[in-house]
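Notes for the structure review
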Amino acid sequence: MYMTDAEIVRRYNESDNKNLTVKILAELNAVDKNDIEETLSKNGIIIIEKNTQKITIPELVLEVLKQHLKTIEKELSIRNALNLSDKRRSELRHEYTVITMFLEKYGR
C-alpha cells in the first residue's frame with residue numbers, strides 16, 4: 001500500500017460517498033477493495049452491506065450502545081421498575097429491543 005492506515009481512514013471518514021471512496025482508495029493503493037475494507041475494520045470502522053449500500057459503524061458507537069443497554073437493564077431491574085410509570089417502562093423495553101436487534105445484526 002502507498003498510503004498509511006491513518007491516511008486511508010482519514011480520507012474515508014472525510015468522504016461523502018463511502019462506496020466510491022473505498023474503490024478509489026483501492027485503485028490509488030494498487031490493492032483490492034477488500035484490503036481497504038480490512039484496513040478500515042482494523043482501525044475501528046465497521047462496514048456493513050445492506051441492499052448494495054454500506055453502513056459504517058464506528059467501534060465507539062457500538063460500545064456506547066452496549067453501555068446504554070446496561071443502563072436500561074439497571075433501570076428496568078425489579079427494584080427500580082416499581083418506581084417507573086407504565087409509559088416509561090414501555091419506552092425502555094422498546095428501546096432495549098431496538099438496540100438489541102441492531103447489535104445482533106450489526107455488532108461484532
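Above: the structure in question.
Reference entry: report on the structure contained in this document. (Residues numbered from 1 in each chain as written. Predicted model: local features only at pLDDT ≥ 70, side-chain atom pairs only at ≥ 80, totals over all residues. Heavy atoms only, no water.)

Right, let's talk about the packing of helix α1 (residues 5-14) against helix α2 (residues 18-28) for a bit. The interhelical angle for the contact between α1 and α2, taken along N-to-C directions, is 150 degrees, at an axis separation of 9 Å. By the criterion of interaxial angle, the relationship of α1 to α2 is roughly antiparallel. Between α1 and α2 lies a crossing of right-handed hand. Residues I8, R11, Y12 and N13 of α1 form the contact with α2, whose participating residues are K18, T21, V22, L25 and L28. Across the contact of α1 with α2, the residue classes break down as five nonpolar, two polar and two charged. (Axes fitted to C-alpha atoms, helices over the stretch in contact; angles between N-to-C directions. Helix = DSSP H or I, 4+ residues; strand = E, 2+ residues; numbered from the N terminus. Parallel < 35°, antiparallel > 145°, perpendicular 65-115°, else oblique. Left-handed = near helix turned anticlockwise from the far one by under 90°. Contact = heavy atoms within 4.5 Å. Nonpolar A, V, L, I, M, F, W, Y, C, P; charged D, E, K, R; others polar.)

Despite not being glycine, A30 shows a phi value in the positive range, around 55 degrees. Structurally, A30 is set in the loop between α2 and α3 (33-42). Look at A30 and you get exposed, because its relative accessible area is 58%. (Buried < 20%, exposed > 50% of the residue type's maximum accessible area, 1.4 Å probe, protein only.)

The grouping of L20, I24 and L28 at the surface amounts to a nonpolar patch, some 250 Å² of accessible area in total. When you line up the elements, I24 lands in helix α2. (Patch = residues over 30% accessible without salt bridge, like charges linked within 9 Å, V, L, I, M, F, W, Y side chains within 5 Å. Areas by Shrake-Rupley, 256 points an atom, 1.4 Å probe, with all protein chains shown as cover. Salt bridge = Lys/Arg side-chain N within 4 Å of Asp/Glu carboxyl O.)

What follows concerns α2. Among all positions of α2, only T21, V22, L25 and A26 are buried. Taken end-on, α2 shows its buried residues confined to a sector of 135 degrees, consistent with a single buried face. Of the surrounding secondary structure, the elements contacted by the buried residues of α2 are α1 and α3. Here α2 starts with a cap whose side-chain oxygen sits 3.4 Å from the backbone nitrogen of N19, and that cap is N17. One or two residues past the end of α2 sits A30, with phi positive at roughly 55 degrees. (Arc of directions from axis to C-beta. Polar contact = N/O pair within 3.5 Å; in protein donor to acceptor, adjacent residues only side chain to side chain.)

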